[in-house]
Amino acid sequence: MINRRTVLHAGLVGGLLAAAGGTPALGKPGGGGGGGAGTTGNLLQTPPVLTDGTLRAARTSINLGGRTGSALTYNGFLPGPTIVARPGETRTLTVTNALDEPTTVHWHGLVVPTAVDGQPHEAFGPGASFTYALPVQQRASLNFYHPHPHARTAAQVALGLQGAFIIRDAEEDRLNLPAGAYEVPLVLRDANVDKAGALTYNGRASGFLGSVPLVNGTLDPYLPVDKAVYRLRVVNAANSRVFRIAFADGRDMTLIGTDGGLLGSAVRLNEITLGNAERMDLLVDLRGSDYPTQPLSLLDLDSGWTLLRLTPKPQPVSVAFAGLPSTLPAVTPLSSPVRSRTFSFDGMTAINGVRYDMRTIAFQVPRGQVERWTFVANGNPPHPVHIHGASFQLVERRGGRGRLYAWEGGWKDSFLLLDKESVDILIRFDIPGRYLIHCHKLEHEDAGMMLNFEVTEGVSSTMASGVTGAQD
Ligand code: C2O
Ligand code: CU
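Residues numbered from 1 in each chain as written. Chains lettered and ligands numbered in written order. Predicted model: local features only at pLDDT ≥ 70, side-chain atom pairs only at ≥ 80, totals over all residues.

S.K.: Can you help me understand the overall build of the protein in this one?
M.R.: What the protein contains, in helices and strands, is 3 helices and 32 strands. Buried positions account for 49% of the 472 residues belonging to the protein. Pairs at least 24 residues apart make up 80% of the contacts formed inside the protein by residues separated by at least 6 positions. (Helix = DSSP H or I, 4+ residues; strand = E, 2+ residues; numbered from the N terminus. Buried ≥ 20, exposed ≤ 12 C-beta atoms within 10 Å, placed from the backbone. Contact = placed C-beta atoms within 7 Å.)

Following this line, the structure appears as structure tokens:
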């Protein structure tokens, strides 16, 4: 699928390596600027950063660019405010439910205790509030938050409830990556928008495919760009749609991170398939001769949509970038699994033949031990698999393509399970408690393609049928 893959080794960092004598001049805002005469569409919106600890889920009016309608929002923003946190802090967030049905908030990608993981059994009703005290203990990464009430997740997300959650840390700070106007979150989704400009939802168990793309809640967005390296922080926040992103001119992007933060080494590629809930941290070089003279489209190759246009400014600023260091912070590989399990994603409603029941713990996993989990799709692929409670590493794809994709390195919490393939991961849980494994095609999740499991303090003695727990 990708035409080119180059792992950048020390000394071969190509176009993004430090230019001789270059000094970092990052975070200097390029200013909003116009899109230049003749630019159509709407200026790409960026959600505000949450400055306090309160989120209110409610139906509010929104402006998608051009049209004023309504959606379900956090604090009136689509997507909701971006939460920024650093390891070591406990981020306390009080969510008020001003909807007309129960909701919860799950902090997707954060590894936190069960009580604040926002699982379906913790849903709270209209008029109620829930305070989540999130101990942030992980490395820099782009995560996101969204509702997780049983059987209502898909509708609430499709109608607008979601937002980005960024963790920053000292390790990342030292890299002097593009910041300020040059670090752009891109929350990708599709949507149905009615004539009045309201988001609507008509998903069924097989999924939901909206008729238009929305990037950061903006219809037909453009972003005026400078001669700079841009850091695009992309999340596929769509219910069901898989995006296959590439620039219209086929130019390379440099992948520096995935779900769980930075990769051990950057990867150059010109096309990335992004399953639901997957995240990509991308550098795109728009300096010098790489500066676009025409609007440069970021495409979804599968739908043929233009997701975003990067438009040249009449007077672009040239911004230096000191370059990537020859090595990025190492990702220590998990190894030596002591146990293996197999999960069959069956049809649209079950895992290993079992349909989700909020009250049932399907299996137990002792904490602190590396396990090898194998996933197979048994109908209705692709299934974007997601696991709560730990990050993991993909180690193998068998059948089908037969190898991992170039964008599947590093720490992951979500991946695409394709037809006639099996995928192996290595995973280790460190926090005891109840967690979830599910399909992140939200309609499959709501239909029951989800299981509870329990991370125990010690080696477990019981395993539910349907889950192989080869003990040794
Ligand atoms: Cu983003 Cu359990 O989900
Ligand atoms: Cu699925």
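Read on, since the account is not over.
S.K.: Can you help me understand the domain arrangement of the protein in this one?
M.R.: When the parts of a complex come together, some accessible area is lost, and that lost area is often taken as the interface size. What the domain assignment reports for the protein is domain 1 (6-33 + 174-312), domain 2 (54-171) and domain 3 (339-456). The centre of domain 1, based on its C-alpha atoms, is set 27 Å off from the matching centre of domain 3. With 25 residues of domain 1 in contact, the opposing surface of domain 3 contributes 22 residues. Among the elements that take part in the side of domain 1 that touches domain 3, strand E18 (residues 261-269) stands out by supplying 4 residues, more than any other. When its residues are assigned to classes, the side of domain 1 that touches domain 3 shows 10 nonpolar, 12 polar and 3 charged. (Domains from an automatic or database assignment. Nonpolar A, V, L, I, M, F, W, Y, C, P; charged D, E, K, R; others polar.)

S.K.: Even after reading the chapter, I still don't get the confidence of the model for the protein, so can you show me in this structure?
M.R.: The predicted coordinates of low-pLDDT regions are not to be read in fine detail. Mean pLDDT for the protein: 90, with 89% of residues reaching 70 or above. A low-confidence stretch, residues 1-15 (pLDDT under 50), is modelled with 29 contacts involving residues beyond four sequence positions or located in other chains. Contacts from residues 17-37, a stretch scored under 50 in pLDDT, to residues over four places away or in other chains number 40 contacts. Taken together, the chains of this predicted complex give a pTM of 0.90 and an interface ipTM of 0.98. (pLDDT = per-residue confidence, 0-100.)

S.K.: It is not clear to me how the UniProt feature "domain: Plastocyanin-like" (unreviewed entry) in the protein should be interpreted in this structure. Could you clarify?
M.R.: Those places that UniProt annotates as "domain: Plastocyanin-like" (unreviewed entry) correspond, in this numbering, to residues 62-171, 229-287 and 334-457. Counted over residues 229-287, helix gives 0% and strand 64%. Its end C-alpha atoms are 7 Å apart. Taken end to end, residues 334-457 has its terminal C-alpha atoms 20 Å apart, with 5% of it in helix and 50% in strand. (UniProt positions renumbered as here; feature names shortened; annotations may be inferred.)

S.K.: What is the right way to look at unusual backbone geometry in this model?
M.R.: Backbone geometry follows two general trends: most residues other than glycine have a negative phi, and most peptide bonds adopt the trans configuration. With an omega dihedral of -10°, the bond running from Leu-78 to Pro-79 counts as a cis peptide bond. At the junction of Pro-381 and Pro-382, the peptide bond is cis and its omega measures out at -5° in the coordinates. By the secondary structure assignment, Pro-382 is in the loop between strand E26 (371-378) and strand E27 (383-387). Although it is not a glycine, Asp-220 sits at a positive phi angle of roughly 50°. Structurally, Asp-220 is set in the loop between strand E13 (212-215) and strand E14 (221-225). The backbone of Ser-336 sits at a positive phi, close to 50°, despite the residue not being glycine. Within the secondary structure layout, Ser-336 lies in the loop between strand E22 (305-312) and strand E23 (339-346).

S.K.: Explain the sheet that holds strand E2 (residues 42-43) here, please?
M.R.: Note on sheets: strands pair through backbone hydrogen bonds, and any given pair is parallel or antiparallel. Read across the sheet, 6 strands follow the order E2-E14-E22-E21-E16-E19 without closing on themselves; strand pairing throughout is mixed. A strand with exactly one partner marks an edge of an open sheet, and here the two such strands are E2 and strand E19 (272-274). Looking at chain direction, strand E21 (residues 296-300) and E22 are connected through 5 bridges and run antiparallel. Within the sheet, the bridge partner assigned to Asp-300 lies in E22 and is Trp-305. (Pairing = 2+ DSSP bridges.)

S.K.: Even after reading the chapter, I still don't get the sheet that holds strand E28 (residues 392-399), so can you show me in this structure?
M.R.: Pairing in this open sheet of 5 strands is mixed, and the strands run E24-E23-E26-E30-E28 from one edge to the other. Because the sheet does not close on itself, it has two edges, and the strands there are strand E24 (350-351) and E28. In the sheet, E23 pairs with E26 via 8 bridges, with the strands oriented parallel. Considered in E26, the bridge of Ser-344 is made with Val-376.

S.K.: Would you explain the pairing of strand E17 (residues 253-258) in this entry?
M.R.: The side chains of a regular strand alternate, residue by residue, between the two faces of the sheet. Most of E17 is tucked away: 6 of the 6 residues are buried. The pairing of E17 with E18 spans 5 bridges and is classified as antiparallel. Among the inter-strand pairings, Gly-257 is bridged to a residue of E18, identified as Leu-262. For E17 and strand E20 (residues 279-285), the ladder comprises 3 bridges, and the chain directions are antiparallel. The partner of Thr-254 across the bridge, within E20, is Leu-283.

S.K.: How should the environment of Glu-122 be read in this particular structure?
M.R.: One can find Glu-122 in the loop between strand E7 (106-108) and strand E8 (129-135). Between the C-alpha atoms of Glu-122 and Pro-295, which are 173 residues apart in sequence, the distance is 46 Å.

S.K.: How should the environment of Ala-238 be read in this particular structure?
M.R.: For Ala-238, the position within the fold is in the loop between strand E15 (229-236) and strand E16 (243-247). Given 30 C-beta atoms within a 10 Å radius, Ala-238 is considered buried. Note: C-alpha distance between Ala-238 and Gly-275 (37 residues apart in sequence) is 8.9 Å.

S.K.: Looking at this structure, I do not really get the environment of Ser-297. What am I missing?
M.R.: Turning to its location among the elements, Ser-297 is positioned in strand E21. Accessibility expressed as a C-beta count within 10 Å gives 17 for Ser-297, which makes it partly exposed. It is 5.4 Å that separates the C-alpha atoms of Ser-297 and Ala-248, two residues lying 49 residues apart in sequence. The residues touching Ser-297, leaving out its near neighbours within four places in the chain, are Ala-248, Thr-306 and Arg-309.

S.K.: What should I look at first to understand the nonpolar core in this one?
M.R.: A general feature of soluble globular proteins is that nonpolar side chains tend to end up buried together. Counting residues in each nonpolar core, the largest one holds 90 residues, and the members touching the most others are Leu-188, Tyr-230 and Leu-255. Not counting residues up to four positions away in its chain, the partners in contact with Leu-255 are Leu-263, Ala-266, Val-267, Leu-269, Met-280, Leu-282 and Trp-407. (Core = buried A, V, L, I, M, F, W, Y, C linked by C-beta atoms within 7 Å.)

S.K.: Help me understand the pairing of E20 in this model?
M.R.: Burial of E20 is extensive: 7 of the 7 residues sit out of reach of the surface. Alternating positions in E20 separate into two faces, Arg-279, Asp-281, Leu-283 and Asp-285 on one and Met-280, Leu-282 and Val-284 on the other, with burial throughout. Of the strand pairs in this sheet, E15 and E20 are connected by 7 bridges, and their pairing is antiparallel. Counterpart to Val-229 in the pairing with E20 is Asp-285.

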